[in-house]
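# Fold and geometry: a report
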Amino acid sequence: MEQFLGWTENPILLVLLSLGQILLVTVVLLLAIAFLLYFDRKVLAGTMLRKGPNVVGPFGLFQSFADFGKFVLKEMIIPAGANKTVFMIAPILATTLSLICWAVVPIAPGWVVSDLNVGVLYLLAMSSLGVYGVIMAGWASNSKYPFLGGLRSAAQMVSYEVSIGFVLVTVILLSGSMNLTTIVESQTGGFWNWYAFKLPTIIVMFPMMVIFFISALAETNRPPFDLPEAESELVAGYQVEYSGTPFLLIYLGEQIAITLMCAMTSVLFLGGWHSPVGDLGLFDENSLAGLLGTGTFESLIGAFWFALKVTFVFFMFAFVRALVPRYRYDQLMRLGWKIFLPTSLVAVLLISGFVVYTNAAAA
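A brief report on the enclosed structure follows. Since the structure is predicted, the reported quantities are computational estimates derived from the model, not experimental observations.

Glancing now at the packing of aromatic side chains. Under the criterion given, the structure shown has 17 aromatic pairs. Taking the centre distance of 6.1 Å and the plane angle of 40 degrees together, the rings of Phe 39 and Phe 315 count as tilted. With Phe 39 in helix α2 (residues 11-47) and Phe 315 in helix α12 (residues 294-323), the pair connects residues that are 276 residues apart, well separated along the chain. You can call Phe 315 partly exposed: its relative accessible area is 28%. Through a chain of ring-to-ring contacts, three or more aromatic side chains come together here, namely Phe 191, Trp 192, Trp 194, Phe 197 and Phe 206. In this structure, Lys 70 is placed above the aromatic ring of Phe 71, and the distance from its NZ or CZ to the ring centre is 4.9 Å.

Given below as structure tokens:
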């Protein structure tokens with residue numbers, strides 16, 4: 001995005017252009033989530049041998065937009081005993097914190113809103129704050145079921161953030177940077193250079209990708225770890241007292257967080273915007289890249305591969321939702337603290353030893 005802003009030094013124009021690119025990323029992200037939701041419902045329907053959304057628009061493609069209109073037009077009800085201020089702030093906080101995480105996610109070469117050197121740290125900090133939206137929503141409702149859902153969410157998200165943090169450390173050690181663009185660029189080439197499949201670290205990093213994926217399910221309250229909103233026990237948990245637009249914001253924040261975790265799996269382990277087979281000569285001067293401009297063409301191709309990988313990981317999220325039954329809460333905690341945490345700690349030790357050894361051999 002620096003090239004996009006580099007043609008002017010006028011501070012007012014720079015602010016307007018920055019706001020424009022943020023708005024563009026937000027609109028594209030929201031449209032993508034609308035169709036990913038449709039995709040999620042279609043996958044779930046397919047596993048149950050039914051059709052899923054198929055009425056609103058061609059093949060039911062406009063179902064997500066119809067649901068959006070329904071939620072916006074529905075009456076917004078605030079319980080009489082609720083803390084009204086916190087009750088209304090919680091959904092806004094949940095959606096805002098999920099959105100601002102996307103500021104550091106590199107979509108394609110040069111396509112990132114803010115290319116921070118500490119992008120991983122920023123992402124971990126902002127996603128960790130997301131738990132406050134759920135806790136506030138549960139507490140402010142002044143009802144036992146939302147309160148229990150908020151408590152469950154706090155314990156669950158904090159528990160799995162620990163293992164996610166150690167998995168991130170292994171990637172940082174291999175790439176030597178906390179900049180997400182640098183992490184993607186360090187996986188240049190075919191899929192054999194992606195951290196999930198690169199030899200000899202595949203022995204450690206592929207299990208780390210699996211741990212990150214499962215921890216992301218727990219972090220975003222997706223089945224089989226949807227204990228904070230367990231319908232059979234808590235009648236939808238922390239969000240049960242919400243209706244209309246506030247409910248829409250909570251749901252939207254959750255879906256944005258899920259898509260973010262899909263994007264992070266792609267960036268950290270699957271090469272980000274890189275093709276699985278290299279560039280295949282597509283960026284030569286005599287190819288289509290020569291007509292469009294190498295940088296523009298490379299960015300478009302990169303965005304395509306990034307979107308494809310995010311969709312694939314999202315499909316895995318949807319497939320797990322359809323196939324795996326809900327965990328008990330003690331099983332959830334045991335998995336996080338007794339399996340994922342020790343395993344990720346051992347992985348950090350192995351990867352740090354490997355990095356020190358290879359650096360010493362190179363010197």
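What follows continues from the structure just given.
Before going further, it helps to spend a moment on the nonpolar core. Among the nonpolar cores identified, the biggest contains 58 residues, and Leu 180, Met 208, Phe 212, Met 264, Leu 268, Phe 269 and Phe 317 are the most heavily contacted of them. Counting only elements with at least two residues in this core, the list comes to α2, α5 (119-140), α6 (144-175), α7 (180-185), α8 (202-219), α10 (244-269), α12 and α13 (329-362). In contact with Leu 180, other than residues within four places in its own chain, are Val 104, Val 105, Pro 106, Val 120, Leu 123, Met 264, Val 267 and Leu 268. Counting 13 residues, the second-largest nonpolar core is a separate cluster that includes Phe 71, Ala 90, Ala 137 and Tyr 238.

What follows deals with α8. Between its first and last C-alpha atoms α8 spans 24 Å; for 18 residues at 1.5 Å apiece the expected length is 26 Å, and the two agree. For α8, the set of buried residues is Val 204, Met 205, Met 208, Met 209, Ile 211, Phe 212, Phe 213, Ser 215, Ala 216, Leu 217, Ala 218 and Glu 219. Asn 221 sits one or two positions beyond α8 and adopts a positive phi of about 60 degrees.

By secondary structure assignment, the location of Ser 215 is in helix α8. Given a relative accessible area of 0%, Ser 215 falls into the buried group. Side chain to side chain, Ser 215 and Ser 163 meet in a polar contact 3.2 Å long. Ignoring sequence-local partners within four residues, the contact set of Ser 215 consists of Tyr 160, Ser 163, Ile 164 and Phe 340.

To continue, consider unusual backbone geometry. In the segment running from Leu 199 into Pro 200, the intervening peptide bond is cis, with an omega of 0 degrees. Along the chain, the position of Pro 200 falls in the loop between α7 and α8. With an omega of 5 degrees, the peptide bond between Pro 223 and Pro 224 qualifies as cis. Tracing the chain through its elements places Pro 224 in the loop between α8 and α9 (231-234). The phi angle at Leu 49 is positive, at roughly 60 degrees, despite the residue not being glycine. Tracing the sequence through the fold places Leu 49 in the loop between α2 and α3 (63-73). Residue Leu 49 is classed as exposed on the basis of its relative accessible area of 81%.

Per the counting criterion, the structure on display carries two cavities of 30 Å³ or more. In this structure, the largest cavity occupies an estimated 290 Å³ of space. In this structure, the largest cavity is lined by 21 residues; those nearest its centre are Ser 98, Gly 130, Met 157, Gly 253 and Ala 257. At the level of elements, α4 (84-100), α5 and α10 are the ones that each hand at least two residues to the lining of the largest cavity. The class makeup of the residues in the lining of the largest cavity is 12 nonpolar, seven polar and two charged.

Each value, and the rule that gives it
Within each chain, residues carry numbers counting from 1 in the order of the written sequence. Local features are withheld for residues below a pLDDT of 70 in this predicted model, meaning they are given only at 70 or higher, and side-chain atom pairs are given and counted only at 80 or more; totals for whole chains, interfaces and linings count all residues. Excluding hydrogens and water, the side-chain figures rest on all heavy atoms present in the structure. Centres within 6.5 Å are what make two rings of Phe, Tyr or Trp a pair, Trp counting through its six-membered ring; a difference in plane orientation under 30 degrees is then read as stacked, over 60 as edge-to-face, and the rest as tilted. Every helix listed is a DSSP run of H or I at least four residues long, and every strand listed is a run of E at least two residues long, numbered separately from the N terminus. Partly exposed describes any residue whose relative accessible area lies between the buried limit of under 20% and the exposed limit of over 50%, with all areas from a 1.4 Å probe on protein chains only and scaled to the type maximum. For a lysine, the NZ atom is tested; for an arginine, the CZ atom; a charge sits over a ring if that atom is within 6 Å of the ring centre and within 35 degrees of the ring normal. Among buried residues, those of type Ala, Val, Leu, Ile, Met, Phe, Trp, Tyr and Cys that are joined through side-chain atoms within 4.5 Å constitute a nonpolar core. When checking whether two residues touch, look at their non-hydrogen atoms; a contact exists if any pair is within 4.5 Å. Multiplying 1.5 Å by the helix residue count minus one yields the expected span of that helix. Pairs of N or O atoms within 3.5 Å make up the polar contacts considered here, provided that, within protein, one atom can donate a hydrogen while the other can accept it, and that residues adjacent in sequence are counted only when both atoms are side-chain atoms. Throughout, the protein atoms alone are placed on a 1 Å grid, and a set of points is a cavity if a 1.4 Å probe fits but cannot get out or a pocket if it is open with protein on both sides within 12 Å along at least five of seven lines; lining residues have an atom within 4 Å of a point. Grid points are joined across faces, edges and corners, and a volume is the space filled by probe spheres set on the points. Polar here means any residue outside two lists: the nonpolar Ala, Val, Leu, Ile, Met, Phe, Trp, Tyr, Cys and Pro, and the charged Asp, Glu, Lys and Arg; Gly therefore counts as polar.

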